[in-house]
Amino acid sequence: MDVLIDNADVFVSGFWLTLQLCVLSATGALLIGTTVAAMRISPVPSLRWAGATYVTLVRNLPLTIVFFLTSFGLPELGSNADFLRIPGLSSIFDRLGIDLPYFRFAVIALSVYTAAFVCEAIRSGVNAVPAGQAEAARSLGLTFRQNLLSIVLPQAWRAAIVPLGSVIIAMIKNSALAGAFGVTGELFSSGQSLTSSGGNPIVPVFIGISIGYLIMTVPLGIFIDRVENRRAVAR
C-alpha cells in the first residue's frame, strides 16, 4: 500500500491521460465504424466493396501492427504533427492541454482498429431491424440516406448497444499498448517507469494499474448488463 500511496499522483496522472485517450478513441471509432457500416449496407457496389475491404483488412491485423503502421508509417514522425492538425480535432487536443504527437497517433490507431469491430456490431444491429421498417420507409418516398438516418440506424444502435459496449471495453484494455509506441504518461507506461527507473516492486505497481483499468471498465460492464436485462424483460 505504501507504493500506491506514495505514487498516487503518478497513478492519477496516468489514469487521466488514459481516460482521455480512451474517450477520444471511442468517439473516433464510433464515428468511423458507423460510417463504414453505412457503406457496407449501401446500394452502391463500390461503397460496399470499400467497407468490406476495410473491415476484412483491419479486423484481421494484430493491433500491434496497426500501432506500428500508424506510428512509423505516417510522415514526419516525431518531428511534428502538422498533418494531424485538423481544425476541430486540434482544438480538442489544445483544450485538453495535449501536445504529444504520439498521443495523436495512438488515438488514430485505436480509432481505426476498433472501428472495424464497431462496424460489425452496428451491422448486426441493422440485421435485427425488421425488413418491413425499411420497406415502409421506401414506400413513403424516403431516400436511402433518409431511411438510414431516420429509421434504420436509430433502431440498429439500440439493438447493438450491448456488443458495442463489449467492443469499447476491449478498446480500453487495448489502450495499454499505447505506452509501447511513445505515449509517455499513460497508465501502463507510468507503471513501467515506476518499476524500471523508480525501483518499486512490480506487484503493487501492477495492482495500481489494474485498479485504474477496473475503474474504467467495471462501470461500463455494469451498465451493459443492466441494458441487456432490461431488453430481456421487454422481450
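Below, the structure is looked at part by part. (Residues numbered from 1 in each chain as written. Predicted model: local features only at pLDDT ≥ 70, side-chain atom pairs only at ≥ 80, totals over all residues. Heavy atoms only, no water.)

Another aspect to go through is the overall build of the protein. Counting its secondary structure elements, the protein contains ten helices and zero strands. Going from the N terminus to the C terminus, the protein shows its helices and strands as α-α-α-α-α-α-α-α-α-α. In the protein, buried positions account for 40% of the 235 residues. Taking as baseline every contact in the protein between residues at least 6 positions apart, the subset at least 24 positions apart corresponds to 76%. When the accessible area of the protein is evaluated, it comes to approximately 12,500 Å², of which 65% is carbon and sulfur surface. (Helix = DSSP H or I, 4+ residues; strand = E, 2+ residues; numbered from the N terminus. Buried < 20%, exposed > 50% of the residue type's maximum accessible area, 1.4 Å probe, protein only. Contact = heavy atoms within 4.5 Å. Areas by Shrake-Rupley, 256 points an atom, 1.4 Å probe, with all protein chains shown as cover.)

So, about the nonpolar core. Residues Phe 11, Leu 21, Phe 67, Phe 103, Ile 172 and Tyr 213 are the most contacted members of the largest nonpolar core, which totals 31 residues. Put simply, the parts of the chain that give this core at least two residues each are α2 (8–40), α4 (63–73), α6 (101–128), α8 (144–174), α9 (187–196) and α10 (202–234). Per element, the largest residue contribution to this core is seven residues, and it comes from α6. In contact with Phe 67, other than residues within four places in its own chain, are Ala 106, Ala 109, Leu 110, Leu 177, Ala 178 and Phe 181. Grouped together as the second largest cluster of nonpolar side chains are 18 residues, Val 36, Ala 38, Cys 119 and Val 129 included. (Core = buried A, V, L, I, M, F, W, Y, C linked by side-chain atoms within 4.5 Å.)

A word on the packing of α2 against α8. Contact geometry of α2 with α8 gives a least axis separation of 10 Å together with a crossing angle of 140°. The angle between α2 and α8 falls in the class oblique. Between α2 and α8 the crossing geometry is right-handed. In this structure, α2 uses Cys 22, Ser 25, Ala 26, Leu 30, Thr 34 and Ala 38 to contact α8, whose residues at the interface are Phe 144, Leu 148, Leu 153, Trp 157, Leu 164, Ile 168, Met 171 and Ile 172. (Axes fitted to C-alpha atoms, helices over the stretch in contact; angles between N-to-C directions. Parallel < 35°, antiparallel > 145°, perpendicular 65-115°, else oblique. Left-handed = near helix turned anticlockwise from the far one by under 90°.)

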